[in-house]
Amino acid sequence: MKTQFTILAFIFGFTLVNAQETENPIQKNQFNFSKNFRASLLDEYGTSKNDYTFGYQRNINEDVSIGLNLNYNSIKGQSYHQYNDVLYVSNESNIKSIGAAFTFNYDWSRIIGMNTKKFDVYTGTSIGVSVLDRSSLERSPTNGFVTGISKYTTNEYFIGGQLGARYWITKNIGVSAEINKSFYNPNTQQDAKLNFGLNYKF
């Protein structure tokens, strides 16, 4: 038993010393999870109910990083029609989307003299695609009865930009806020999104 403890202590000590000697001052990998809000809480189709992003980011050097974001969003909307002083729901729509985007960010913290161990202030660009599954329920404007149901799926490609900041509570755990906007989207013009998230780097 004493021999086993001695061997384990030796392995632990060797690993600790080796880790300290090879420790990289730049933690190159980062995961983030965020809840997203639209600037007006509305888009072209209705109210965004669930909008979440999970992302991975890899630092190329101290200032530049690339990443991949996965997004899920569900939107519900209704339109109304008044007939004989009675307000009817004339259309109900539901949209669910799953998207993926490649990101490129530049961290300005070091250049502007901020504490890089505590803060990241960055700008960047992103390019991606979203798969939208849409369903619509149409109702008669006179009595509210269902008159038609439609379902279809479309792909939307986009190019956008982002501006954000992170505050690292510990060496590995941080919180973030980011605003992003799609500058080119041929099918849908959306408001800017404000994202609040949790980050983990290693």
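Fair warning: this is a prediction, and the values are worked out from it, not measured in the lab.

Visitor: An account of the overall build of the protein chain is requested, with residue identities and associated values reported.
Guide: Within the protein chain, the regular secondary structure consists of one helix and eight strands. Taken from the N to the C terminus, the helices and strands of the protein chain come in the order α-β-β-β-β-β-β-β-β. A total of 202 residues make up the protein chain; the buried ones form 33% of that total. Pairs at least 24 residues apart make up 59% of the contacts formed inside the protein chain by residues separated by at least 6 positions.

Visitor: An account of the packing of aromatic side chains is needed here, citing residue identities and associated values.
Guide: For any two aromatic rings, the description comes down to two numbers: the centre-to-centre distance and the angle of the planes. Scanning all chains against the criterion turns up eight aromatic pairs. On the numbers, 5.3 Å between centres and 50 degrees between planes, the contact of F119 with Y167 is tilted. A residue pair is termed long-range when its members are at least 10 positions apart, and F119 in strand β5 (residues 119–139) and Y167 in strand β6 (residues 146–168) qualify at 48 residues. For Y167, a relative accessible area of 35% gives the class partly exposed.

Visitor: Could you give an account of the side chain of D63, naming the residues involved and the relevant values?
Guide: Relative to the assigned elements, D63 resides in the loop between β2 (47–59) and β3 (64–83). Taking the relative accessible area as the measure of exposure, D63 reaches 8% and is therefore buried. For D63, the side chain forms a polar contact with the side chain of R110, separated by 2.4 Å. Apart from residues lying up to four places away in sequence, D63 is in contact with N105, Y106, D107 and R110.

Visitor: Could you give an account of the pattern of salt bridges, naming the residues involved and the relevant values?
Guide: A complete count under the given rule lists five salt bridges for this structure. E156 is paired through a salt bridge with R134; the nearest N and O atoms lie 2.9 Å apart. Linking E156 in strand β6 with R134 in strand β5, this pair joins segments that are 22 residues apart in sequence. Residues E156 and R134 agree in their burial class; the two are buried.

Visitor: Residues and numbers for the pairing of strand β8 (residues 193–201), please.
Guide: The side-chain alternation of β8 yields one buried face, formed by K193, N195, G197, N199 and K201, and one unburied face, formed by L194, F196, L198 and Y200. In the sheet, strand β1 (residues 29–38) pairs with β8 via nine bridges, with the strands oriented antiparallel. If you follow F31 over to β8, its bridge partner there is Y200.

Visitor: Explain the environment of T125 to me, and be specific about the residues and the numbers.
Guide: When you line up the elements, T125 lands in strand β5. In this structure T125 comes out as partly exposed when scored by relative accessible area, which is 37%. Along the chain, T125 and N180 lie 55 residues apart, while their C-alpha atoms are 9.0 Å from each other. Discounting residues that sit within four places of it in the chain, T125 has contacts with F102, T103, F104, N105, I159, G160, G161 and Q162. Within the structure, T125 has its side chain in polar contact with the backbone oxygen of G160 (distance 2.9 Å).

Calculation notes
Residues numbered from 1 in each chain as written. Predicted model: local features only at pLDDT ≥ 70, side-chain atom pairs only at ≥ 80, totals over all residues. Heavy atoms only, no water. Helix = DSSP H or I, 4+ residues; strand = E, 2+ residues; numbered from the N terminus. Buried < 20%, exposed > 50% of the residue type's maximum accessible area, 1.4 Å probe, protein only. Contact = heavy atoms within 4.5 Å. Phe/Tyr/Trp six-rings, centres within 6.5 Å; stacked < 30°, edge-to-face > 60°. Polar contact = N/O pair within 3.5 Å; in protein donor to acceptor, adjacent residues only side chain to side chain. Salt bridge = Lys/Arg side-chain N within 4 Å of Asp/Glu carboxyl O. Pairing = 2+ DSSP bridges.

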